[in-house]
Amino acid sequence: MMTLPQEVKKFINKFRAKKFDIYVVGGAVRNLLLKKSVTNWDFTTSARPEEILKLFPNAYYNNTYGTVSIPVEDLIYEVTPYRREGEYKDFRHPNDVVWAKTIEEDLRRRDFTINAMAYDAKTIVDPHNGQVDLNNKSIRAVGNPDKRFCEDALRLIRAVRFASQLGFMIEEKTRAAIQNNAALIANISWERIRDEFLKIIESEYPSEGVVFLKNVGLLSHILPEVDICFMIPQKSPKRHHIYDVGTHLIQSLKSCPSKDSITRFATLIHDVGKAETFRRDEKTGLITFYNHEVAGTKLAKIIADRFRLSNKQKEKLVRLVQFHQFTVSEIQTDRAIKRFIRNVGAEYLNDIIDLRYGDRIGSGARPTSWRFDLFRKRLAEVQKQPFQIKDLKIDGNDVIKMLELKPGPKIGEVLKKIFDEVENKKLKNERKILLEEIKKFA
Ligand code: ATP
Ligand code: MG
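Conventions we followed
- Residues numbered from 1 in each chain as written.
- Chains lettered and ligands numbered in written order.
- Predicted model: local features only at pLDDT ≥ 70, side-chain atom pairs only at ≥ 80, totals over all residues.
- Heavy atoms only, no water.
- Helix = DSSP H or I, 4+ residues; strand = E, 2+ residues; numbered from the N terminus.
- Expected span 1.5 Å × (residues − 1).
- Contact = heavy atoms within 4.5 Å.
- UniProt positions renumbered as here; feature names shortened; annotations may be inferred.
- Near = heavy atom within 4 Å.
- Polar contact = N/O pair within 3.5 Å; in protein donor to acceptor, adjacent residues only side chain to side chain.
- Areas by Shrake-Rupley, 256 points an atom, 1.4 Å probe, with all protein chains shown as cover.
- Nonpolar A, V, L, I, M, F, W, Y, C, P; charged D, E, K, R; others polar.
- Domains from an automatic or database assignment.
- Buried < 20%, exposed > 50% of the residue type's maximum accessible area, 1.4 Å probe, protein only.
- Pairing = 2+ DSSP bridges.
- Patch = residues over 30% accessible without salt bridge, like charges linked within 9 Å, V, L, I, M, F, W, Y side chains within 5 Å.
- Salt bridge = Lys/Arg side-chain N within 4 Å of Asp/Glu carboxyl O.
- Lys, Arg positive; Asp, Glu negative; His and termini not counted.
- Charge placed at Lys NZ, Arg CZ, Asp CG, Glu CD.
- Axes fitted to C-alpha atoms, helices over the stretch in contact; angles between N-to-C directions.
- Parallel < 35°, antiparallel > 145°, perpendicular 65-115°, else oblique.
- Left-handed = near helix turned anticlockwise from the far one by under 90°.
- Buried area = accessible area lost by both parts, 1.4 Å probe.

Our focus in this paragraph is helix H1 (residues 6-17). The end-to-end C-alpha distance of H1 is 16 Å, a good match for the 16 Å that twelve residues give at a rise of 1.5 Å each. Its buried side turned inward, H1 meets strand E1 (22-25), strand E2 (42-45), helix H3 (49-55), strand E4 (67-72) and strand E5 (75-81). Following H1 by one or two positions, Lys 19 adopts a phi angle in the positive range, close to 65°.

Here you go:
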């Protein structure tokens, strides 16, 4: 017996009072049974949209899915009248929403057994044995898996998403059907693929999810750049790598401590430029990937566009890939470290450190490295250093040249005055602007 929050019970009673049947359904029931918190309350009911709208004056209706949204406290409850599978013509959405008469019909159209349970505060309706699959940690299609994936190919990747989020296995026949129908994913919009893919990347088991995508033939459709990396070896004399590039990317993702989806995405693709820069020396057998981060930067842009990432997400993904090869050498100057910070962008520093940590561990390195730790300390220290005259984008030589001066105290005075202006934010520290400023001292 599962207890529902007071507001949910009150909500259900409003429908009952008008003799409508109503059930909590989908992810909410799944999470209740798993004793996880529920943030999305989805319901299904015998009431029709007009009837629901009459009960809740603040409700609004989306007629593409037949769902009525009702704000309750800080949440929005989604109520969808019983539906059945409409006719799918293009492996995508049904051409129209078709109402059903019973809860059983509604559950039959749902994707996986663990998502096809309903609860009315008294009994669990579970005609497809979702509870058994939940206990067995198994993702199983409702009904004939081949048919279900043909109806809607998004389900191919949703299966992997739920497996990654829950740490479940995909049941054998369902798995075989995913493999058979993988090519149908081409019918699905990139926005919908992106949403599911980012959920896999953000999940508890992102690397297992990506490996599964590869093994069933979905990765070659959605991320061919990573898929081909499994054919690129990198074990060669004098190199520390033990894995092929693809396996290294998977291991990096697995070891990346960040929970941020874009940082994890960047970690997964950071070496994709290695496929096209691979060279093996005939004599020595030595493998090199010169400028792979340049090739990788181009690919990261293509990938970001394909996944319809926002401008902000794209910028982050690209920067992380572009600068992932940074040196952590202890002999570099503060100036060099500052340049690195400027290139990556201070806001992404922790992310690129997380990527690099994953990269290191994902190549089989030990978790601790004094050099890496020292570099992190210096990053923090350098950022604490106040802004100094030597951080200006101009220097004494510029003053000498532009004002045709001989070396002497005047040069320092000019720099100091310009420095004060920049520090007081009256001037931007941009070379072009500061060169103009020098002229004023002529
Ligand atoms: P989450 O907690 O991630 O929201 P969820 O199970 O609620 O998980 P949703 O994508 O919100 O997942 O979908 C809600 C429910 O609608 C699912 O549990 C499932 O029953 C049904 N559903 C969603 N998408 C599909 C689909 N493509 N095919 C069949 N049923 C679907
Ligand atoms: Mg949901």
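Turning our attention to the environment of Phe 43. Note on placement: Phe 43 falls in strand E2. Taking the C-alpha atoms as reference points, Phe 43 and Tyr 82, 39 residues apart in sequence, are found 9.5 Å from one another. In this structure, Phe 43 is in contact with Val 8, Phe 11, Ile 12, Ile 22, Tyr 23, Val 24, Val 25, Tyr 77, Glu 78, Val 79 and Thr 80, ignoring residues within four places of it in sequence.

Bringing the UniProt feature "domain: CCA-adding enzyme C-terminal" (unreviewed entry) in the protein chain into the picture now. Those residues carrying the UniProt feature "domain: CCA-adding enzyme C-terminal" (unreviewed entry) are residues 388-437 in this numbering. Summarising residues 388-437: 60% helix, 0% strand, and an end-to-end C-alpha distance of 18 Å.

With that out of the way, let us pick up the site of ligand 1. For ligand 1, the set of nearby residues contains 14 residues, the closest of which are Arg 30, Asp 152, Arg 155, Arg 158 and Arg 161. The separation between an oxygen atom of ligand 1 and a polar side-chain atom of Arg 110 is 3.1 Å. One of the side-chain N or O atoms of Asp 152 is found 2.8 Å from a nitrogen atom in ligand 1. In the complex, the protein chains occlude 77% of the 580 Å² of accessible area that ligand 1 would expose alone. Residues belonging to the shell around ligand 1 are distributed by class as follows: one nonpolar, four polar and nine charged. When residues of the shell around ligand 1 are assigned to domains, at least three map to each of domain 1 (6-136) and domain 2 (137-220).

Before going further, it helps to spend a moment on the pairing of E4. Counting buried positions over the six residues of E4 gives five, a clear majority of the element. Note that strand E3 (residues 60-62) and E4 share three bridges and pair antiparallel. What sits directly across from Tyr 61, in E4, is Val 68. Connecting E3 to the next strand, E4, in antiparallel fashion are four residues, including Gly 66 with a positive phi near 75°.

Together, Arg 335, Arg 339, Arg 342, Lys 390 and Lys 393 line one region of the surface with positive charge. If you trace the backbone, Lys 393 turns up in the loop between helix H20 (370-384) and helix H21 (396-403).

Attention now moves to unusual backbone geometry. Unlike most non-glycine residues, Lys 35 shows phi in positive territory, near 60°. Within the secondary structure, Lys 35 is located in the loop between helix H2 (27-33) and E2. By relative accessible area, which is 76% here, Lys 35 ends up exposed. Phi at Glu 404 takes a positive value of approximately 50°, unusual for a residue other than glycine. Structurally, the position occupied by Glu 404 is in the loop between H21 and helix H22 (409-423).

Right, let's get into the pattern of salt bridges. Note that side chains of opposite charge can pair when their charged atoms are close. All told, the structure shown has 30 salt bridges when counted by the stated rule. As a salt-bridge pair, Arg 148 and Glu 85 come within 2.9 Å of each other at their nearest N and O atoms. A residue pair is termed long-range when its members are at least 10 positions apart, and Arg 148 in helix H6 (residues 145-151) and Glu 85 in the loop between strand E6 (83-84) and strand E7 (98-99) qualify at 63 residues. A salt bridge links Glu 436 to Lys 439, with the nearest nitrogen and oxygen atoms 2.8 Å apart. With a gap of three residues between them, Glu 436 and Lys 439 both fall in helix H23 (residues 431-439), about one helical turn apart.

Time to look at the environment of Lys 199. In this fold, Lys 199 is placed in helix H9 (residues 190-202). Relative accessible area serves as the criterion here: at 34%, Lys 199 is assigned to the partly exposed category. Ignoring any residue separated from it by four or fewer positions in sequence, one finds Lys 199 in contact with Arg 161 and Gln 165.

In space, the seven strands of this open sheet follow the order E3-E4-E5-E2-E1-E8-E9, with mixed pairing throughout. What marks the edges here is a single partner per strand, and that holds for E3 and strand E9 (124-125). Where E4 lies against E5, five bridges are found, and the strand directions are antiparallel. Paired with Val 72 across the strands is Leu 75, a residue of E5.

What follows is about the packing of helix H17 (residues 311-322) against helix H19 (residues 349-361). Packing of H17 against H19 brings their axes to within 10 Å, and their N-to-C directions diverge by 50°. Taken together, the axes of H17 and H19 lie oblique to each other. In this structure, H17 meets H19 at a crossing whose hand is right-handed. Where H17 abuts H19, its residues Lys 316, Arg 319 and Leu 320 lie against Asp 351, Ile 352 and Leu 355. Of the residues contributing to the contact of H17 with H19, the split by class is three nonpolar, no polar and three charged.

What the domain assignment lists for the protein chain is domain 1 (6-136), domain 2 (137-220), domain 3 (223-382) and domain 4 (389-439). At the junction of the two partners, domain 1 supplies 24 residues and domain 2 supplies 22 residues. For the domain 1 and domain 2 pair, buried surface summed over both sides reaches about 1900 Å², with 55% attributable to carbon and sulfur atoms. Between the two partners, domain 1 and domain 2, sit four salt bridges. Between Arg 155 and Glu 85 there is a salt bridge, with its nearest N and O atoms 3.2 Å apart. For the interface between domain 1 and domain 2, the tally reads 14 residue pairs in polar contact (both at pLDDT 80 or more). The greatest single-element share of the side of domain 1 that touches domain 2, amounting to three residues, is contributed by helix H5 (residues 130-135).

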